[in-house]
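Remarks on the overall topology
In case you want the letters, here they are:
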Amino acid sequence: MIVRHITALLKGLSITLKEFFSRKSTQQYPEEKRQPYAAYRGIHYFRPGENGEERCVACGLCAAVCPNHCIFIEAAESEDELKHPERQYAEIYSIMLERCLFCGYCEEACPKQAIALSRRYDMAVNTRNQMIYTKDKLLAEGLELDEESVGGEIKKTGRRSLWGA
Amino acid sequence: MLNMGPQHPSTHGVLRVVLEMDGEIIVDLRPDVGYLHRGIEKIAEHRTYNQVLPLTDRLDYVSAAINNLGWVETVEKALGLEVPERAKTVRVILCELQRIASHLIWLGTHALDIGAMTVLLYCFRERERIMDIFENYCGARLTTSCFRVGGLMRELPEEFEGLVRDFLAYFPARIEEYDGLLSANPIWLKRTKGVGVIGARQAIDIGLSGPALRGSGVARDIRVDEPYANYERFKFIVPVGKKGDVYDRYQVRMEEFRQSISIVRQALDYLPNGPIMADAPQIVPPSKEAVAEDMSALIHQFKLLSKGYKVPAGEIYHAVEAPKGELGFYLVSDGSEMPYRLKIRGPSFVNLQALYQMSKGCLLADMVAIIGSLDICLGEVDR
Ligand code: SF4
Ligand code: SF4
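This section reports on the structure supplied with the text.

**A closer look at the side chain of Arg-99 of chain B**
On the secondary structure map, Arg-99 of chain B appears in helix α4 (residues 85–114). When near neighbours in sequence (up to four residues on either side) are disregarded, Arg-99 of chain B contacts Ile-66, Arg-223, Tyr-228, Tyr-231, Glu-256, Ser-260, Glu-321, Ala-322 and Pro-323 of chain B.

Okay, here's the thing in structure tokens:
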């Protein structure tokens, strides 16, 4: 009986000892950051258009599919042909990130492929107000993140049509 | 009287148990639930069928994909929608991986509660790999939302198969490692054998399901008894225990690891080519390419996504085998775009009811082992 118990214990200890010498599987987070996969659903951004125009036409579909109604849009007419080729644009566009589920439905729905979810995941802020992502913030986010995909396919997110086949 | 929880490391969340003690022996106990109540069933009444999907992630948040499956299959059943074979197979793969991930959390925390801390670290290391597979596929690690009514959210990425095959090669040896650490360990045996016994008859009466029921020797598994997705295609054994104590439930879940691995392997070998979405334009939105080119597809997309689709009036119950037991969705539709009423049968909630029968007369420390062996998730208990 005792011998059996001791062998069982030794077996367990040998496993822990083996782990002791194997490679580390942890990361020191704030110093070493993990790069998520291309499909990651992180903070939203606006994808810049081919010629620096705004893609969003304030159609409101993203706000309609959003399960938590965290997108607020106010549309307006623009005279600036270069910036807003379709005339209609979003004068106010804001996402309340603290209510967001990060489901990605807004990205899936957008017919202009304007709104997208980036790979950024560190979103801790000090006040609630900072969690409201306004249009300027989203555009800046897009320019910062999405340099290589300007005008092209959705490279950064790597996600094609999510709704369709 | 003793008040355990809601902030107690061994109650797996925010469970509060009010205990009446006689020294170390439990005389009476009353679980007090509801600290994590978010009213998901009520919220679902104001969401379109697609919008309910992300909510189901938040039921049992360590097995989100299986909750997603339960929900989309319920809606598909109500709509009479047939899903392509490829989509079904991918669903099986993801769900079995999710089952392994959920059982890993169970094993880690259960062992931690009883005092074996190393197992927790190993389990989380392995689980990380499954999280990576999910992240690669759907972009989220916990709240996956990875299925859609009619099929899948996206085609499999290229790395997917490689990642899963790596995991399949890597994991079986790890199971043996856990086995070596625990199964014959005298402390583990002392803490689990003969503790929290529940007989088959009583287990059925309470309504236990999943490993908690199978540990008592009842071979009930919805994957076998009422196959969904395409589980009927794959061969696996339903492990059962004999005595219905904590140790038997532990052995059942350990065997389920091996069976899940085998199912994933079979499914990956079988994986047919073909569409991933059902051919049902009134339910499934058009592809992005079609929307970009075709005006009528664009209009259709607008209508479908902003309004949702109608589900025929009627009542539907559909259950899937979640890692914790039978996860059922009872859906009452009044023919509109939103559920009229949704009742979720959470396995954790029902299994928790057995806590009284199992723990009465036990030591307080054994109750911790029993809670661990029931594998409850408070997100699902309270909904
Ligand atoms: S982001 Fe896309 S879906 Fe949302 S309003 Fe702009 S164009 Fe429409
Ligand atoms: S990710 Fe989901 S919850 Fe967040 S803004 Fe988009 S649609 Fe809304």
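Additional details are given in the paragraphs that follow.
**A short note on the packing of aromatic side chains**
Residues and elements named next belong to chain B. Considering all chains together, one arrives at 13 aromatic pairs over all chains under this definition. Ring geometry for Tyr-49 against Tyr-309: centres 6.2 Å apart, planes inclined by 15°, an arrangement best described as stacked. Residue Tyr-49 is located in helix α2 (residues 49–57), and its partner Tyr-309 is located in the loop between α13 (295–307) and β6 (314–322); the two are separated by 260 residues in the primary sequence. Judged by relative accessible area, which is 1%, Tyr-49 ranks as buried. Classification of Tyr-309 by relative accessible area gives buried; the value is 5%. Feature note: the residues Tyr-49, Trp-71, Tyr-309 and Phe-329 constitute an aromatic cluster, connected by ring pairs. Cation over ring: Arg-383 sits above Phe-349, and NZ or CZ is 5.5 Å from the ring centre.

**Details of the site of ligand 2**
Taken together, His-44, Cys-66, Pro-67, Cys-70, Ile-71, Cys-100, Leu-101, Phe-102, Cys-103, Gly-104, Tyr-105 and Cys-106 of chain A make up the full set of residues adjacent to ligand 2. Residue classes in the shell around ligand 2 are distributed as 10 nonpolar, two polar and no charged.

**Looking at helix α5 (residues 117–138) of chain B**
Residues and elements named next belong to chain B. Here α5 is 22 residues long and its end C-alpha atoms lie 31 Å apart, about the 32 Å a rise of 1.5 Å per residue gives. Counting buried residues along α5, 16 of its 22 residues qualify, which places the element largely inside the surrounding structure. The first or second residue beyond α5 is Gly-139, which carries a positive phi of 95°.

**Brief notes about the environment of Tyr-49 of chain B**
When the C-alpha positions of Tyr-49 of chain B and Glu-326 of chain B are compared, they lie 22 Å apart, and in sequence the two are 277 residues distant. For Tyr-49 of chain B, the residues in contact, after removing those within four places along its chain, are Trp-71, Val-75, Tyr-309, Val-311, Leu-331, Ser-333, Ser-336, Glu-337, Met-338 and Pro-339 of chain B.

**Description of the sheet that holds strand β2 (residues 71–77) of chain A**
All names here are of chain A. Sheet architecture is open: three strands sit in the order β2-β3-β5, paired in antiparallel fashion. Lying at the two open borders of the sheet, with one neighbouring strand each, are β2 and β5 (132–133). The pairing of β2 with strand β3 (residues 88–96) spans seven bridges and is classified as antiparallel. Bridge pairing links Glu-77 to Gln-88 in β3.

**Digging into the pairing of β6 of chain B**
Residues and elements named next belong to chain B. Judged from the nine bridges that link them, β6 and strand β7 (residues 325–333) form a sheet pairing that is antiparallel. Of the residues in β7, the one forming a bridge with His-318 is Phe-329. Counting the residues in the hairpin turn of β6 and β7 gives two residues.

**Description of the layout of surface pockets**
If you add up the space inside the largest pocket, you get close to 1,100 Å³. If you trace the largest pocket, you find 27 residues lining it, with Lys-24, Ser-25 and Thr-26 of chain A together with Arg-125 and Glu-128 of chain B closest to the centre. At the level of elements, α1 (2–21) of chain A together with α5 and α6 (159–182) of chain B are the ones that each hand at least two residues to the lining of the largest pocket. At nine residues, α5 of chain B tops the list of elements feeding residues into the lining of the largest pocket.

**Considering the sheet that holds strand β2 (residues 16–22) of chain B**
One key point about sheets: their strands pair by backbone hydrogen bonds, in either a parallel or an antiparallel sense. Residue and element names in this part refer to chain B. Taking strand neighbours across the sheet as the criterion, the three strands line up as β1-β2-β3 in an open arrangement whose pairing is antiparallel. Edge positions in the open sheet fall to β1 (2–4) and β3 (25–32), since each of these has one partner strand only. Neighbouring strand axes in the sheet, compared pairwise and without regard to direction, differ in orientation by 25° on average. As judged from the seven bridges shared by β2 and β3, these two strands associate in the antiparallel manner. Paired with Met-21 across the bridge in β3 is Ile-26.

**Topic: the packing of α4 of chain B against α6 of chain B**
Residue and element names in this part refer to chain B. For the pair α4 and α6, the least separation of the axes is 12 Å and the interaxial angle reads 30°. By the angle between their directions, the pair α4 and α6 is classed as roughly parallel. Relative to α6, the crossing made by α4 is left-handed. Taking contact as the criterion, the partners of Ile-93, Leu-94, Leu-97, Ile-100, Leu-104, Leu-107 and Ala-111 in α4 are, on α6, Phe-160, Val-164, Phe-167, Phe-171, Tyr-178 and Leu-182.

**What to know about the nonpolar core**
Residues and elements named next belong to chain B. By size, the foremost hydrophobic cluster in this structure holds 99 residues, and its most contacted members are Trp-71 and Leu-107. Looking at this core element by element, the count peaks at 14 residues for α4. Contact partners of Leu-107, with chain neighbours within four places excluded, come to Val-119, Cys-123, Tyr-178, Leu-182, Tyr-250, Met-254 and Phe-257. Core analysis: the next-biggest nonpolar cluster, separate from the first, contains 29 residues, Val-195, Val-368, Ile-376 and Val-381 among them.

**Brief notes about the pattern of salt bridges**
Residue and element names in this part refer to chain B. One pass over the structure, following the stated rule, counts 34 salt bridges over all chains. A salt bridge links Arg-141 to Glu-128; its shortest N-O distance comes to 3.0 Å. In this pair, Arg-141 is assigned in the loop between α5 and β4 (147–148) and Glu-128 in helix α5, connecting sequence segments 13 residues apart. For Glu-128, a relative accessible area of 30% translates into the label partly exposed. Between Arg-141 and Glu-135 there is a salt bridge, and its shortest N-O distance comes to 3.4 Å. Here Glu-135 falls in the buried class, since its relative accessible area comes to 0%. One salt-bridge network, in which partners are shared between bridges, spans Glu-96, Arg-99, Arg-214, Asp-221, Arg-223, Glu-256 and Glu-321.

Definitions and limits used
All residue numbers here refer to positions counted from 1 along the written sequence of the relevant chain. Chains and ligands are labelled sequentially in the order written, the chains with letters from A and the ligands with numbers from 1. Whole-chain, interface and lining totals are the exception, using all residues; otherwise, since this is a predicted model, local features are given only for residues with pLDDT of at least 70 and side-chain atom pairs are given and counted only at 80 or more. By convention in this description, side-chain values take in all heavy atoms of the structure and omit both hydrogens and water. Only DSSP runs of H or I covering at least 4 residues are called helices, and only runs of E covering at least 2 are called strands; the numbering of each starts at the N terminus. Residues are treated as being in contact if the distance between any of their heavy atoms lies within 4.5 Å. A pair of aromatic rings is counted whenever rings of Phe, Tyr or Trp (Trp by its six-membered ring) have centres within 6.5 Å, and the orientation is called stacked for planes under 30 degrees apart, edge-to-face for over 60 and tilted otherwise. Each residue gets one of three labels from its accessible area relative to the maximum for its type: buried under 20%, exposed over 50%, partly exposed in between, using a 1.4 Å probe on protein chains only. Two conditions define a charge sitting above a ring: the NZ of Lys or the CZ of Arg must be within 6 Å of the ring centre, and it must be within 35 degrees of the ring normal. For each residue, the test is whether any non-hydrogen atom lies within 4 Å of the molecule or strand; if one does, the residue is near. All residues other than Ala, Val, Leu, Ile, Met, Phe, Trp, Tyr, Cys, Pro, Asp, Glu, Lys and Arg, Gly among them, are scored as polar; the first ten of these are nonpolar and the last four charged. To estimate how far a helix should reach, multiply one less than its number of residues by 1.5 Å. Two strands qualify as a pair provided that DSSP identifies no fewer than 2 bridges between them. Throughout, the protein atoms alone are placed on a 1 Å grid, and a set of points is a cavity if a 1.4 Å probe fits but cannot get out or a pocket if it is open with protein on both sides within 12 Å along at least five of seven lines; lining residues have an atom within 4 Å of a point. Grid points are joined across faces, edges and corners, and a volume is the space filled by probe spheres set on the points. All axes are obtained by fitting lines to C-alpha atoms, using only the stretch in contact for helices, and the reported angles, taken between N-to-C directions, cover 0 to 180 degrees. Note on terminology: angles under 35 degrees are roughly parallel, angles over 145 are roughly antiparallel, angles of 65 to 115 are roughly perpendicular, and the others are oblique. Left-handed describes a crossing whose near helix is turned anticlockwise from the far helix by less than a right angle; the clockwise case is right-handed. The definition of a nonpolar core used throughout is a set of buried Ala, Val, Leu, Ile, Met, Phe, Trp, Tyr and Cys residues joined through side-chain atoms within 4.5 Å. In the sections that follow, a salt bridge refers to a side-chain nitrogen of Lys or Arg positioned within 4 Å of a carboxyl oxygen of Asp or Glu.

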